[in-house]
Amino acid sequence: MPLTPDKILKFLDNESETKFKSELLDLLRKRIDKLCFDECEKDRILCTLTPLCSRRFLLKLRIKNDLKLDELPKFCYSVHKGVIERFFRNKTIVYRPYDAYLYLIDFLDVFFHGDYRKLNKFLSFKNWDEAFKIFDDRIHNRNEKFDYLLTENYLVFKFEDRIHVIFLNEIYVLCNANREKIPDLELLEGICKLYSGINFPEVKLRQRQSKHVEITVKVPYDVLNEISTEPSIKNDSKADQYFWNTFWEDLNALTQYCDEIHLQMDKNQNLEIILYLRTETSNYDEEENPVPLRFRDLGLILNFINRIYQDYYIIYLD
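Below, the structure is looked at part by part. (Residues numbered from 1 in each chain as written. Predicted model: local features only at pLDDT ≥ 70, side-chain atom pairs only at ≥ 80, totals over all residues. Heavy atoms only, no water.)

### Considerations on the pattern of salt bridges
When charged atoms on two side chains of opposite charge get close, those side chains can pair. Applying the stated criterion across every chain yields a total of 29 salt bridges. The partner of Asp-137 in a salt bridge is Arg-142, with the nearest N and O atoms 3.0 Å apart. Judged by relative accessible area, which is 38%, Arg-142 ranks as partly exposed. Where Glu-214 meets Arg-208, a salt bridge forms, and the shortest distance between an N and an O atom there is 3.0 Å. (Salt bridge = Lys/Arg side-chain N within 4 Å of Asp/Glu carboxyl O. Buried < 20%, exposed > 50% of the residue type's maximum accessible area, 1.4 Å probe, protein only.)

### Quick word on the packing of aromatic side chains
For the structure shown, the criterion picks out 35 aromatic pairs. On the numbers, 5.5 Å between centres and 50° between planes, the contact of Phe-112 with Phe-157 is tilted. In this pair, Phe-112 is assigned in the loop between helix H6 (104-111) and helix H7 (116-124) and Phe-157 in strand S3 (residues 154-159), connecting sequence segments 45 residues apart. Here Phe-112 falls in the buried class, since its relative accessible area comes to 0%. (Phe/Tyr/Trp six-rings, centres within 6.5 Å; stacked < 30°, edge-to-face > 60°. Helix = DSSP H or I, 4+ residues; strand = E, 2+ residues; numbered from the N terminus.)

### Some points on empty space enclosed by the protein
Within this structure, the stated rule accounts for 2 cavities of 30 Å³ or more. Of the volumes computed, that of the largest cavity is approximately 80 Å³. Surrounding the largest cavity, Leu-35, Cys-36, Cys-40, Glu-41, Cys-47, Pro-51, Cys-53, Leu-58, Leu-59, Pro-73 and Cys-76 form its lining. Every element with two or more residues in the lining of the largest cavity is listed here: helix H2 (18-40) and helix H4 (57-64). (1 Å grid on protein atoms, 1.4 Å probe; cavity = no way out; pocket = protein on both sides within 12 Å on 5 of 7 lines; lining within 4 Å. Points joined across faces, edges and corners; volume = space filled by probe spheres on them.)

### A look at the sheet that holds strand S4 (residues 162-167)
In spatial order, the strands read S1-S5-S4-S3-S2; together these 5 strands make up an open sheet with antiparallel pairing. Two strands in the sheet have a free side with no partner beyond their single neighbour: strand S1 (100-103) and strand S2 (147-150). Each neighbouring strand pair of the sheet contributes to a mean axis angle of 20°, computed without reference to strand direction. Here 6 bridges tie S3 to S4, and the two strands are oriented antiparallel to one another. When the bridges of S4 are listed, Tyr-154 appears paired with Phe-167. Against the sheet, H4 engages S1 and strand S5 (172-175), with an angle of about 45° to S1. (Pairing = 2+ DSSP bridges. Axes fitted to C-alpha atoms, helices over the stretch in contact; angles between N-to-C directions. Contact = heavy atoms within 4.5 Å.)

### Considering the packing of H6 against H7
Orientation of H6 relative to H7, taken along the N-to-C sense of each, is 140°, at an axis distance of 9 Å. Considering their axes alone, H6 and H7 lie oblique with respect to each other. Here H6 runs over H7; the crossing is right-handed. Of the residues in H7, those touching H6 at Leu-104, Ile-105, Leu-108 and Asp-109 are Tyr-116, Leu-119, Asn-120, Leu-123 and Ser-124. Per-class residue counts for the contact of H6 with H7 are 6 nonpolar, 2 polar and 1 charged. (Parallel < 35°, antiparallel > 145°, perpendicular 65-115°, else oblique. Left-handed = near helix turned anticlockwise from the far one by under 90°. Nonpolar A, V, L, I, M, F, W, Y, C, P; charged D, E, K, R; others polar.)

### Thoughts on the layout of surface pockets
Approximately 380 Å³ is the volume found for the largest pocket. Mapped onto the lining of the largest pocket, the elements with two or more residues apiece are S4, helix H9 (185-199) and helix H13 (295-317). For the lining of the largest pocket, the element with the highest residue contribution is H13, accounting for 6 residues. Counted by class, the lining of the largest pocket contains 8 nonpolar, 4 polar and 4 charged residues. A volume near 250 Å³ is recorded for the second largest pocket. Together, 17 residues line the second largest pocket, and Arg-55, Lys-60, Tyr-98, Asp-99 and Ala-100 are the ones closest to its centre. Of the residues in the lining of the second largest pocket, the class split is 8 nonpolar, 3 polar and 6 charged.

### What about the sheet that holds strand S8 (residues 260-265)?
Strand pairing in a sheet relies on backbone hydrogen bonds. The paired strands run either parallel or antiparallel. Strand order in the open sheet formed by 4 strands is S6-S7-S9-S8, with antiparallel pairing between adjacent strands. At either end of the open sheet lies a strand with only one pairing partner, and these are strand S6 (204-208) and S8. Direction aside, neighbouring strands of the sheet carry axes that sit 20° apart on average. Note that S6 and strand S7 (residues 212-219) share 5 bridges and pair antiparallel.

Taken by themselves, the reported measurements are silent on function.
And the structure:
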């Protein structure tokens with residue numbers, strides 16, 4: 001039988017002799033370096049159009065493990081940066097650079113060119129007031145469309161529907177977050193706050209006992225009172241169509257991403273939909289480990305909240 005990847009992983013888990021593990025990992029490291037610096041980097045056409053690692057994930061391996069620019073294949077990284085910039089500017093690209101990592105200064109160069117050196121200094125020394133002056137000037141005086149939010153360890157940006165996260169302690173940036181897992185409740189709450197401030201400011205949001213992010217959205221009694229008591233063939237109103245035909249399907253879909261979902265009536269007979277989120281979903285992988293909550297999973301949850309708020313709550317406010 002061939003030597004399969006799972007057998008290699010099993011060997012690394014079970015082997016007690018550290019020397020053998022070290023030799024095996026050294027072979028892997030040498031193979032990665034040869035692929036990057038000899039086989040791919042030196043053929044610039046190949047490296048540009050069809051890199052030998054899928055979506056240049058070996059750059060992510062190096063950046064997330066604190067390697068410096070001079071320890072990366074420089075041409076590959078420059079192409080990588082160029083792809084992210086072209087995607088940002090809606091130009092033709094070979095692939096969409098989701099879950100792409102850049103060093104902080106290069107992210108600032110792509111998204112805030114002209115101010116990137118000043119911003120790099122301000123962010124590196126955590127001079128938030130000066131950095132935010134530049135961001136706000138771009139938003140209010142230069143008609144640039146983005147939003148941002150600072151937490152203790154992250155600075156989160158939203159450009160249209162794309163999320164970018166600066167890891168302040170690591171000095172790198174996750175661009176176009178999609179399939180990457182959300183690492184902790186701090187970032188999970190931060191993204192929810194950012195979306196809440198933009199789209200649904202009256203929705204209640206809090207971190208609960210350091211275990212969950214709790215989000216509460218209401219459907220007012222006046223809206224509920226207009227919904228038919230039983231389904232009809234026509235379902236004339238928008239509320240009838242949604243709450244009889246789609247609402248329960250939406251909730252059922254969200255159960256795989258939320259730790260808990262509670263429905264209850266408050267003292268004014270408004271329906272409260274309470275979502276409890278954590279960094280793990282209710283799904284499990286083949287080894288019975290919880291599947292992490294990904295950025296795109298959170299997007300589905302926030303879209304549901306936005307729909308309830310915009311279609312049924314904000315009408316009540318008006």
